[in-house]
Amino acid sequence: MTGRSATSLVSAAVGGDESAWAELVRRYTPLVYSVIRSYDLSGADASDVNQTVWLRLVEHLGRVRDPQALAAWLATTTRRECYRLSRLGRRTQLVDPYDDALDAYHGFSRAPDAAGPDEELLRAERRQALREGFAQLPPRCQELLSLLTADPPPSYREIAERLGMPVGSIGPTQARCLRRLRECPALAPFLGAAATRTNGGDRGGAVAAGR
Amino acid sequence: MVEPWPPADDDVLTAELGAALREVGPVPEEFLTAARAAFAWRDVAAEVALAELMFDSACDAEPAGLTRSAGSARTLSFRSGAVVLEVEVTEAGIVGQLFPPGGGRVSAQTATGTYDEAPVDEVGFFSLDAPPPGPVRLRAHTEGYVVATTWVALR
């Protein structure tokens, strides 16, 4: 199942195959979640956006013309619904500022930083682009890169055992996966960008919300 | 100083990716559960037309020439071919109009099931209880057609 293409998963799900749907969910929830987290929504709003996006995909499944473009469809739909809920401004007073789940998100925006706000925004957008790019990598790449970026990282021997690959192919596989990450469309707007804002536009929450 | 990005060095990029992933953390189980459960709403009946969201006063600019109705009301417009479904949502409830009018019934659904149902009068008006938070969709059954709106949070 993990090796199946998005195309075959979508057509199986259209036919009612629930395990194909579960695999689509497993593969793309990190993307949806990561876009949601780039907006400053309350926990309830975040859950509602997630649920809305997946219900939309269910109703939209039979119309997915290019399943390879599914990631882009999901990211766009998620952004739009985040924007809608942020405009509704409901329940905003109920956000618990001490909620641990929000700390990670706010962490970087509150941290005192010598860089100007533009630079900090650009860096936040790049991190978001990396997460979206990562969410679109093949499952095998995601597994390997997750292990390599774990804190503390397991040894190469442990990684080799867990993934059932020879120690000698970890390095080359990592290089290949990172190359795919660099080529991912999510990173395209930032390629070669200096630490000043160029056309990163449209990607992050702050920018999208100002549209 | 111009630093190329993403970094060409694999170790630097791996470290930056790790920081980006840790910042957000793993997908909460609740998100996975809701996403899996959405599959139950797969419309087996293919004859139900999907009415897309064309306008939402909460986030779209008001079309020129349209007078805004009651102050706090949110208005949304859905469309499927010639069928148009317009609703006004307030804390008191939903009032809507279905075009072309033809009697029938409208039901309002959340991800957990139907929360209200009402008849459509001869000019297409209907009213429903206030929606709970979270995605909602309306389904209209008339003599001539069956449509379901796309899912959207109404409040």
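First, a word on scope: everything that follows refers to the structure included in this document. Predicted model only: the values in this text are computed from it and were never measured.

1. Regarding the interface of chain A and chain B
Inference 1: Contact residues are listed per partner, giving 60 residues for chain A and 51 residues for chain B.
Inference 2: Between chain A and chain B the total buried area reaches about 4800 Å² when both faces are included, carbon and sulfur atoms providing 67% of it.
Inference 3: Taken as a group, Tyr33, Leu55 and Arg84 of chain A account for 14% of the area that chain A buries against chain B, more than any other trio of residues on that side.
Inference 4: Among the ionic pairs, Arg127 of chain A bridges to Glu23 of chain B, the shortest N-O distance being 2.9 Å.
Inference 5: Counting every contact that joins chain A to chain B gives 18 residue pairs in polar contact (both at pLDDT 80 or more).
Inference 6: Contributions of two or more residues to the side of chain A that touches chain B are made by α1 (6-14), α2 (18-37), α3 (43-60), α4 (70-88), α5 (100-110), α6 (117-135), α7 (139-148) and α9 (170-183) of chain A.
Inference 7: Per element, the largest residue contribution to the side of chain A that touches chain B is 11 residues, and it comes from α3 of chain A.

2. A word on the nonpolar core
Generally speaking, soluble globular proteins have nonpolar side chains that are buried together.
Inference 1: Ranked by size, the top nonpolar core spans 43 residues in total, and within it Trp21, Leu24, Tyr28, Trp54, Leu57, Leu70 and Leu74 of chain A carry the most contacts.
Inference 2: Elements represented by at least two residues in this core include exactly α1, α2, α3 and α4 of chain A together with α2 (29-37) of chain B.
Inference 3: The leading source of residues in this core is α2 of chain A, at 10 residues.
Inference 4: When residues no more than four places from it in sequence are discounted, the contact partners of Leu57 of chain A are Trp21, Val64, Leu70, Trp73 and Leu74 of chain A.
Inference 5: Counting 26 residues, the second-largest nonpolar core is a separate cluster that includes Leu144, Leu163, Met165 and Cys177 of chain A.

Calculation criteria
Residues numbered from 1 in each chain as written. Chains lettered and ligands numbered in written order. Predicted model: local features only at pLDDT ≥ 70, side-chain atom pairs only at ≥ 80, totals over all residues. Heavy atoms only, no water. Contact = heavy atoms within 4.5 Å. Buried area = accessible area lost by both parts, 1.4 Å probe. Salt bridge = Lys/Arg side-chain N within 4 Å of Asp/Glu carboxyl O. Polar contact = N/O pair within 3.5 Å; in protein donor to acceptor, adjacent residues only side chain to side chain. Helix = DSSP H or I, 4+ residues; strand = E, 2+ residues; numbered from the N terminus. Core = buried A, V, L, I, M, F, W, Y, C linked by side-chain atoms within 4.5 Å. Buried < 20%, exposed > 50% of the residue type's maximum accessible area, 1.4 Å probe, protein only.

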